[in-house]
Amino acid sequence: MQTPPLTAEARLATPSADPAAPPPQKPARRRRFRGVGILRLLMVLFTVVGVGGAVAAYGLYHSLQADLPDYRWLADYQPQQMSRIYAADSQLMAELANERRVFVPIEAIPARLQQAFISAEDQRFRDHYGVDPMGMARAALAYAQTYGQGRRMQGASTITQQVAKNMLVGSDRTVLRKAREALLALRLERAPSKERILEIYLNEIFLGAQAYGVAAAAQSYFNHSLDELTLAEMAFLASLPKAPNNYNPARFPEQARIRRNWVLDRMVDDGAITAAEAAAAKRDPVQARPTRRPDTVPVGQHFTEDVRRELITRFGAEQAAGGGLVVRTSLDPTLQAAAENALRQGTLAYDRRRGGWRGSLGRIPFSANDWQASLEAMTRAPGILPNWRQAVVQSVTATEARVAWLERANPRAAAEPRTAVIDLSDTQWARPVLPTPAQQTYRLGAAPRRMSDIVTPGEVVLVEPNNRPGRVSLRQLPEVEAAVVALDPATGRILAMAGGWNFERSQFNRASQAQRQPGSSFKPFVYLTALEEGVPPNQRFSDTPIELPMGNGQTWRPGNYGGNASGAMVTMRSALERSLNLVTVRIAQQVTMARVSDTANRFGVISNMPPFLAMSLGAGETTVVRMASAYASFVNGGRRVEPSLIDSVQDQRGRVIWRGDQRVCQGCNAGPESQPPTLTENRRQIADPIAAYQIVNILQGAVQRGTGSRAGQGLNRPVAGKTGTTDDYKDNWFVGFTPDIVVAVWFGYDEPRSLGNGETGGTNAAPIFRDVMEAALRGSPPVPFRAPPGVSLVRVQLENGQSIMEAFRPGTETSANSGSGGGGSADRVESGLGGLY
C-alpha cells in the first residue's frame, strides 16, 4: 500500500534524513500556472475585442443602411430622357435635355450587345448576388502583382454596384462610399430582376460624345440604331464605360482598337462568340461615323421658349427636360417664317425712314494685306440676319465705298475673302443722328453727299448682297421693335408668334411678356358694351370738345387724332371706323366705365381695369397675345377664346397626359362603323352673339373706309380690324381678323418713346398685318363672316352716299335717335334677313 505524498507544508515541517539532498523543484509548476493565466487573459481580450468589433460593425452597418435611399422604387424607375418639341407639321423645333438619352427596353437591345457589356464589365453578372467576391479577390491579386508600377487598380465593381453608384449613392471615391455601394447592390438584387438591372445599366451608362445609354451612343458614334450595329461596333461600345474619352476613336484610334479587341477576346472566353467571329470583327477598322443633330425648325425661337416655360409650369423643370415628353405644338413654320420676315421688313422700313445712321460697329487696324485676322477676331454682332455680312471698309471715294468680308462655304471650310462696293445712291437713308441739347430726343441731319459722311477706311459695318453683281447694301440693326401673334379664332391655337427682331439679340418675348398700352385698338370693347346695352350702330353722338373734372382740381380735355373735332353728330359706326376719341368718351360715359371694365375683364384684355374714362381710350396695359385672343372672341360669336401653344403632351410611353383642346368629344373612341363623333362646345359665352357680330361688321368698315385701310390692300376678301396709336405716338397697333385667322401686331421701342409725328398704327403696324395675313390666306378662297341667328341685316346709306349692310338687333332697325349732345335721325333703311355676309 503506497503512502500518499506529503504536502509541501509537511515536508518543510519534517526533518530531512539526508541533509545533503537537493531542495524540491517548484518553478516548473509555477510556469504552467502562468501560461494558463496568459491564455485566459488573451481569451478575455479576444472576447472583448470581438464583442466591441461586432458592436462597432453593427453600428457602422446601422449608420450605412440608415443613409441608404429606398431601393424598392427602382422597380418602377424611368431614366431621364430628353423631351422633344414638335411643330404642327411634325418638324422638330427643339430638344430639352439634361442628358442626351434614348431609352430602349431590354427586349429591344440585341443579346450580343448585352453580352458584350457583361463580358467587359461583369463576367459573373448572372451568378453573383450583387457583389462578386471572386472578382474582388482577382482585382486585389492583380493589384499586388503590379504594385509600384504606377498602374491603376483593376476595377471590381459589378454591374449592380455600378447601377447603385451611378443612380443612388453618388460617385465620391471613399471607403464608406464603396461600403454603401456594396450594401445597396446586395439589396438591389432582391428587388428588380437581373434583366431589369441590366436594362437600367445599359440605358444609364455614360459612353462619351454627350451620349447616355447604348442607343444614344450608337447614334452618336456610328449613326446606327441598335439593330444595325455590327459585332465590332458592339464590342467598341462595351469598351467605353471605364474611360469614354480615352477610347474616343476620333482622338485615340489605336487605343480604341486595342480596347475593342480586348472585349472581343473576353466574349470568346465567355462563349458568347466564336474565335472566328472575333477574328473577323478585329479586322474591321474602328471608324466613327458620327450623326448630325437632327435639323430643327429655323424659326420660332420666342415661341419655343414660351413652350418650354409652360412645360416647366405644368410639369416641373425635371420632368420638362428629362421626362421624355413628346410635345406637339400649334406652330405653323411657314406662317412663322412669314411673320418674322414681315416684322423685320416693317422695322427696317421705319429705321430707314426715321432711324438715321447710328454709326459703324467699330474699327479695326486695317491694311490691304492684314485685315482678315482682325475682322475674324471681332465679335459677331448679335441679331444680324443670315444673309448679312460683317465687313470692313477698305477704301472710300466720293460716290462709293469698297468693303471686304470673309465667306465660308460651311462652318468647317476655310474662310475666303470677298469684296464688293456700296453706292452712295443706296445710302440716302443714312442721315446722321443729331442729339438735341436735352439729350433725350434726337433729330436727323441732312442726307449724305459723299461716302465719307458715312464711313471711313477701317470701320466695320453690316452689308447685304443685293441683286446687282459686285454691289452690296449698307445695313444696320434697327432699334425699334415689334411683335406679331397669329391664332386660330375657332380654337385659340397660336399659329405664329414673333416676339421681336431676333431671339439671339433679345430673348424677351414682346408678344407675351411686354405690357403696353393698346390705344385705340381697345375701343371696340367700349362699343361692344354699348351694343350689348341695345344701342344700335347708327346711333348718333356728338363729336364736339368735352371737359371732364379729374377730381384733383384739374380738367381732362381729350381730343381726336390731329386735335380736330368736327362738331357734327356722327354714328357709332363712323366714330369707330374713324377712331374718334371724343365720341368714344361719350359712349363710355353713357354705358358707364364699370360696364366697360367688366367687358375688358370678360374678354381677358385687362383684368381688374380701373373704371376711369381715360381707360376707354386704351390707357391700360395688355399684351399682344391677350389682344389677339380677345379679338378672336368677336369672330367666334362672343365665346371666350383661350390662347394656347401646346396641342398635346405625351409621356415616354406614348400616353397623352395633357391636351390643349378641352372640348369633350362624343364618340371619338367608337368603332369605325359608328356615327361620326361630335365635339361638345364648352367655352364660356362672354358676349351677346349679335353684339359680337355687330362689332365684326363695324370693324370691316374700319378696314374698308377707316384708319385701317392699308391692312386690307390686295387681300380681296372680308377683313376686319382696328388700328391703335397711343399718346405721343409711343405704341402702334393693328389687330384684325378674317373668319379663319386673327393677327395682332404691336410696334414701338422697348423703352417707350415717341416714334415720331404721324407714325400711327395704320402706318407701321397695318402693313405688317397685311403681309402676315397675305401669307396665311395664300391659296385659300374668300370666306364670309357668319352672322348669328336672329341678327337683322339692313341696307343703309352712309353720309358719303355709300350703301352697306348694317347689322341690327331685331327691333332696333329704326330706333336710332339723338345720342349724347345733339339730335339726328336714322339713316335710310331697307329691311332684310340675317345670314352670311
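Parameters at a glance
Residues numbered from 1 in each chain as written. Predicted model: local features only at pLDDT ≥ 70, side-chain atom pairs only at ≥ 80, totals over all residues. Heavy atoms only, no water. Helix = DSSP H or I, 4+ residues; strand = E, 2+ residues; numbered from the N terminus. Buried < 20%, exposed > 50% of the residue type's maximum accessible area, 1.4 Å probe, protein only. Contact = heavy atoms within 4.5 Å. Areas by Shrake-Rupley, 256 points an atom, 1.4 Å probe, with all protein chains shown as cover. Pairing = 2+ DSSP bridges. Axes fitted to C-alpha atoms, helices over the stretch in contact; angles between N-to-C directions. Expected span 1.5 Å × (residues − 1). Salt bridge = Lys/Arg side-chain N within 4 Å of Asp/Glu carboxyl O. Phe/Tyr/Trp six-rings, centres within 6.5 Å; stacked < 30°, edge-to-face > 60°. Lys NZ or Arg CZ within 6 Å of the ring centre and 35° of its normal. pLDDT = per-residue confidence, 0-100. Parallel < 35°, antiparallel > 145°, perpendicular 65-115°, else oblique. Left-handed = near helix turned anticlockwise from the far one by under 90°. Nonpolar A, V, L, I, M, F, W, Y, C, P; charged D, E, K, R; others polar.

Draft legend 1. Focus on the overall build of the protein chain. For the protein chain, the helix and strand inventory stands at 22 helices and 27 strands. A total of 837 residues make up the protein chain; the buried ones form 47% of that total. Nonlocal contacts in the protein chain, meaning residues at least 24 apart in sequence, comprise 70% of its contacts between residues at least 6 apart. Looking at the protein chain as shown, the accessible area adds up to about 41100 Å², and 52% of this sits on carbon and sulfur atoms.

Draft legend 2. Just the side chain of Arg475, in detail. Turning to its location among the elements, Arg475 is positioned in strand E11 (residues 472–475). Excluding residues within four positions of it along the chain, Arg475 makes contact with Arg352, Trp357, Trp388, Leu462, Val463 and Glu464.

Draft legend 3. Just the sheet that holds strand E23 (residues 731–737), in detail. Strand order in the open sheet made by the 5 strands is E13-E12-E24-E23-E22, with antiparallel pairing throughout. Either end of the sheet is taken by a strand with one partner, and the two such strands are strand E13 (494–498) and strand E22 (720–725). The mean inter-strand angle of the sheet, taken between neighbouring strand axes irrespective of direction, is 5°. As paired strands, strand E12 (residues 481–487) and E13 are joined by 4 bridges and run antiparallel to one another. Following the sheet pairing, Leu487 is matched in E13 by Ile494.

Draft legend 4. Main features of helix H10 (residues 253–269). For H10, built from 17 residues, the straight-helix expectation of 24 Å at 1.5 Å per residue is met to within 8% by its first-to-last C-alpha distance of 25 Å. When H10 is considered as a whole, its buried residues turn out to be Ala256, Arg259, Arg260, Asn261, Val263, Leu264 and Met267. On its buried face, H10 is in contact with helix H3 (111–121), helix H9 (231–238) and helix H11 (275–282).

Draft legend 5. Fine view of the pattern of salt bridges. Scanning the model with the defined rule gives 43 salt bridges in all. Two residues, Asp351 and Arg358, come together in a salt bridge whose shortest N-O distance is 2.9 Å. On the basis of relative accessible area, Arg358 is assigned to the partly exposed category, the value being 29%. A salt bridge links Asp598 to Arg602, with the shortest nitrogen-to-oxygen separation between them at 2.9 Å. Taken together, the residues Asp598 and Arg602, both in helix H19 (residues 593–602) and 4 residues apart, mark about one turn of the helix. Within this structure, Glu305, Asp306, Arg308 and Arg309 form a network of salt bridges that share partners.

Draft legend 6. Examining the sheet that holds strand E19 (residues 656–659) more closely. The 5 strands lie next to each other as E2-E1-E3-E18-E19, forming an open sheet whose pairing is mixed. Sheet topology places strand E2 (92–96) and E19 at the edges, where each strand pairs with a single neighbour. Taking the axes of each pair of neighbouring strands and ignoring which way they run, one obtains an average angle of 15° across the sheet. Sheet topology note: the strand E18 (residues 646–650)/E19 ladder contains 3 bridges and is antiparallel. Counted as the bridge partner of Gln650 is Val656 from E19.

Draft legend 7. Structural context of the packing of aromatic side chains. For the structure shown, the criterion picks out 19 aromatic pairs. Measuring from ring centre to ring centre gives 6.3 Å for Phe117 and Tyr201, while their planes differ by 80°; the resulting arrangement is edge-to-face. Residue Phe117 is located in helix H3, and its partner Tyr201 is located in helix H7 (residues 194–204); the two are separated by 84 residues in the primary sequence. Accessibility expressed as a relative area gives 0% for Phe117, which makes it buried. Both rings, one in Phe522 and one in Phe525, keep their centres 5.6 Å apart while their planes meet at 40°; by these two values the pair is tilted. For the residue pair Phe522 and Phe525, the accessibility class agrees, reading buried in each case. Here the aromatic cluster, defined as three or more aromatic residues joined through ring pairs, consists of Phe522, Phe525, Phe603, Tyr631, Phe634, Phe737 and Phe785. Across the ring face of Phe125, the terminal group of Lys194 is positioned such that the distance to the ring centre comes to 4.5 Å. Over the aromatic face of Trp501 sits the side chain of Arg344, whose NZ or CZ is 6.0 Å from the ring centroid.

Draft legend 8. Structural detail: the side chain of Gln81. By the secondary structure assignment, Gln81 is in the loop between helix H2 (27–67) and strand E1 (83–86). In this structure Gln81 touches Arg101, Phe103, Ala321, Gly322, Gly323, Gly324 and Gln652, once residues within four positions along its chain are discounted.

Draft legend 9. Seen up close, the environment of Gly762. Mapped onto the elements, Gly762 comes out in helix H22 (residues 761–777). Among all residues touching Gly762, those that are not within four sequence positions of it are Thr707, Arg710, Thr723 and Pro767.

Draft legend 10. Molecular detail of the pairing of E1. One ladder, built from 4 bridges, connects E1 with E2; its direction is antiparallel. In the sheet register, Ser83 faces E2, and the bridge partner there is Leu96. Across 3 bridges, the pairing between E1 and strand E3 (residues 326–329) is parallel. Counterpart to Ile85 in the pairing with E3 is Val327.

Draft legend 11. Representation of the confidence of the model for the protein chain in the model. Across the protein chain, the average pLDDT comes to 86, with 84% of residues at 70 or higher. Segment residues 8–17 is flagged for pLDDT under 50; beyond a separation of four residues in sequence, or across chains, it makes 1 contact in the model. Across residues 818–837, confidence stays below pLDDT 50; counting only partners more than four residues off in sequence or on other chains, it has 61 contacts.

Draft legend 12. Geometry of unusual backbone geometry. Positive phi outside glycine occurs at Asn608, with the angle close to 55°. Within the secondary structure layout, Asn608 lies in the loop between H19 and helix H20 (624–635). Even without glycine at this site, Asn716 takes up a positive phi of about 55°. Turning to its location among the elements, Asn716 is positioned in the loop between helix H21 (689–704) and E22. By relative accessible area, which is 65% here, Asn716 ends up exposed.

Draft legend 13. Layout of the packing of H3 against H9. Packing of H3 against H9 brings their axes to within 9 Å, and their N-to-C directions diverge by 40°. Judged by the inter-axis angle, H3 sits oblique to H9. You can see that H3 and H9 cross each other, and the crossing is right-handed. Here Arg112, Leu113, Ala116, Phe117, Ala120 and Glu121 of H3 lie close against H9, whose contacting residues are Leu231, Met234, Leu237 and Ala238. The residue inventory of the contact of H3 with H9, partitioned by class, reads 8 nonpolar, no polar and 2 charged.

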